[in-house]
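Structural overview
The primary structure of each chain is shown beneath.
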Amino acid sequence: MDKKYKHIKNKIEKLVKDACFSPNNVYTNTVWAHHIQPVVSHSLFLGRKMGADLEVIELAALLHDYSAIVNIKLEKEHHIHSAKMAREILENEHFDQKKIKMIEVSIISHRGSIVMSKNSLEAQILASADAMSHITELADMFYLAYGVHAYKTEEGAKWLLAKLERSWNKIMPEGQKIVIEDYKIAVKLLKKVIV
């Protein structure tokens, strides 16, 4: 890792972590440890295994939900807003334009609820890593369903099961191998609640 990249990565990491720990963050500071960091970890694991651009996937993973963390009102289209914000942040750091574009495209296409082509390996990895974290960080997903969205028991279980099924379907085969047991357990638990 060269010095310039390390400096930029550290700045981005601090920016996102500060947003996660802000009192304005509706998701609360747990989003850092139970979503952002796992997405980064899953992204880097898959990226190393598959020969992706590690700088692109690491920065995309850090910034993929940034806009929703900063402002919950942007949640519905956070993929678009986070991509724009990532571009602005990285351009201010004079980061490589080609890599900025790759990051922007990866963030725009990471959502499971919106079907969009993932035309690069990096975009496929980010989408997979995001979905993998929904499965490996099940406790945080319960918090999202019942704490943030305030669903009742069955309603939350149905919402979460649908989200996990969408997530499973967007994970590349290399990622599915890693989370399959967690996925089976999560589905079994949620189906018990649904009448």
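Residues numbered from 1 in each chain as written. Predicted model: local features only at pLDDT ≥ 70, side-chain atom pairs only at ≥ 80, totals over all residues. Heavy atoms only, no water.

1. What to know about the overall build of the chain
The condition is simple: Note on conventions: DSSP H or I runs of at least 4 residues are helices, E runs of at least 2 residues are strands, and numbering of each starts at the N terminus. The globule rule used here is 2.2 Å times the number of residues to the 0.38 power, and the radius of gyration it is set against is calculated over C-alpha atoms. For each residue, the accessible area found with a 1.4 Å probe, counting protein chains only, is set against the maximum for its type, and the residue is called buried under 20%, exposed over 50%, and partly exposed in between. Contacts are residue-level and defined by heavy atoms, with any inter-residue pair within 4.5 Å sufficient. Here the accessible surface of atoms and residues is derived via Shrake-Rupley with a 1.4 Å probe, and residues count as covered only by protein chains that are part of the display.
Secondary structure summary: the chain contains ten helices and zero strands in total. Starting at the N terminus, the α and β elements of the chain follow one another as α-α-α-α-α-α-α-α-α-α. Its C-alpha atoms give the chain a radius of gyration of 16 Å, near enough to 16 Å, the size a compact globule of 195 residues would have. Dimensions along the principal axes, computed over C-alpha positions, put the chain at roughly 55 × 35 × 25 Å. Expressed as a percentage of its 195 residues, the buried residues of the chain come to 48%. Excluding contacts between residues fewer than 6 apart, the proportion of contacts in the chain whose partners are at least 24 apart in sequence is 65%. For the chain, the accessible surface area stands at approximately 9900 Å², while carbon and sulfur atoms represent 54% of it.

2. Details of helix α1 (residues 3-20)
Under the convention used in this document: Take the number of residues in a helix, subtract one, and multiply by 1.5 Å to get its expected span. Read the arc as the range of directions from the helix axis to the C-beta atoms.
Taking 1.5 Å per residue, 18 residues should reach 26 Å; α1 reaches 26 Å between its end C-alpha atoms and fits that length. For α1, the complete set of buried residues consists of Tyr-5, Ile-8, Lys-9, Ile-12, Val-16, Ala-19 and Cys-20. Axial view of α1: buried residues confined to an arc of 110°, hence all on one face. Exposed residues pointing more than 90 degrees away from the buried face of α1 are listed as Lys-3 and Lys-14.

3. A word on helix α2 (residues 30-50)
To be explicit about the condition: What is called the bend at a residue is the angle between a pair of axes, fitted to the seven residues leading up to and ending at it and to the seven starting from it.
Taking 1.5 Å of rise per residue, 21 residues should cover 30 Å, and α2 covers 29 Å from first to last C-alpha, within 8% of that figure. Where α2 bends most, at Gln-37, the angle is about 30°, and the proline Pro-38 comes one to four residues later. Regarding α2, the residues found buried are Val-31, Trp-32, His-35, Ile-36, Pro-38, Val-39, Val-40, His-42, Ser-43, Leu-44, Leu-46 and Gly-47. Contact partners of the buried residues in α2: α1, α3 (54-63), α4 (66-70), α7 (121-136), α8 (138-148) and α10 (173-193).

4. Concerning the packing of α3 against α7
Put simply, the rule reads: Note on geometry: axes are lines fitted to C-alpha atoms, helical ones only across the stretch in contact, with angles between N-to-C directions running from 0 to 180 degrees. Reported orientations rely on four angle classes, namely roughly parallel under 35 degrees, roughly antiparallel over 145, roughly perpendicular from 65 to 115, and oblique for the rest. Two helices crossing with the near one rotated counterclockwise from the far one by less than a right angle form a left-handed crossing, whereas a clockwise rotation gives a right-handed crossing. Under the scheme applied, nonpolar residues are Ala, Val, Leu, Ile, Met, Phe, Trp, Tyr, Cys and Pro; charged residues are Asp, Glu, Lys and Arg; polar residues are all the others, including Gly.
Between α3 and α7, whose axes approach to 10 Å, the crossing angle comes to 40°. Regarding the angle of α3 to α7, the classification is oblique. When you trace α3 past α7, the crossing you get is right-handed. Contact residues: α3 offers Val-56, Ile-57, Ala-60 and Ala-61, while α7 offers Glu-122, Ile-125 and Leu-126. In terms of residue class, the contact of α3 with α7 is built from six nonpolar, no polar and one charged.

5. Let's talk about the packing of aromatic side chains
For the record, the criterion: In this analysis, rings of Phe, Tyr and Trp, with Trp reduced to its six-membered ring, are considered paired at centre separations within 6.5 Å, and the interplanar angle assigns stacked below 30 degrees, edge-to-face beyond 60, and tilted for intermediate values.
Throughout the structure, instances matching the rule amount to four aromatic pairs. Ring centres of Tyr-5 and Phe-95 lie 6.3 Å apart, and the angle between their planes is 45°; this geometry places the pair in the tilted category. Taken together, the residues span a long stretch of sequence, with Tyr-5 in helix α1 and Phe-95 in the loop between α5 (78-92) and α6 (97-108) at a distance of 90 residues. The exposure class of Tyr-5 is buried, given its relative accessible area of 3%. Here the aromatic rings of Phe-142 and Tyr-146 are separated by 6.1 Å at their centres, their planes lie at 10°, and the arrangement is stacked. Of this pair, Phe-142 and Tyr-146 both sit in helix α8, four residues apart, which is roughly one turn of that helix.

6. A word on the pattern of salt bridges
Formally: Salt bridges are counted wherever a side-chain nitrogen of Lys or Arg sits within 4 Å of a carboxyl oxygen of Asp or Glu.
With the rule as written, the count across this model stands at nine salt bridges. In this structure, Asp-18 engages Lys-14 in a salt bridge whose closest nitrogen and oxygen atoms are separated by 2.7 Å. Residue Asp-18 and its partner Lys-14 are both found in helix α1; the two are separated by four residues, about one turn of the helix. A relative accessible area of 42% places Asp-18 in the partly exposed class. Note that Glu-55 and Lys-99 form a salt bridge whose closest N and O atoms lie 3.0 Å from each other. Remark: Lys-99 occurs in helix α6 and Glu-55 occurs in helix α3; sequence separation between them is 44 residues. Through salt bridges with shared partners, a single ionic network connects Asp-53, Glu-55 and Lys-99.

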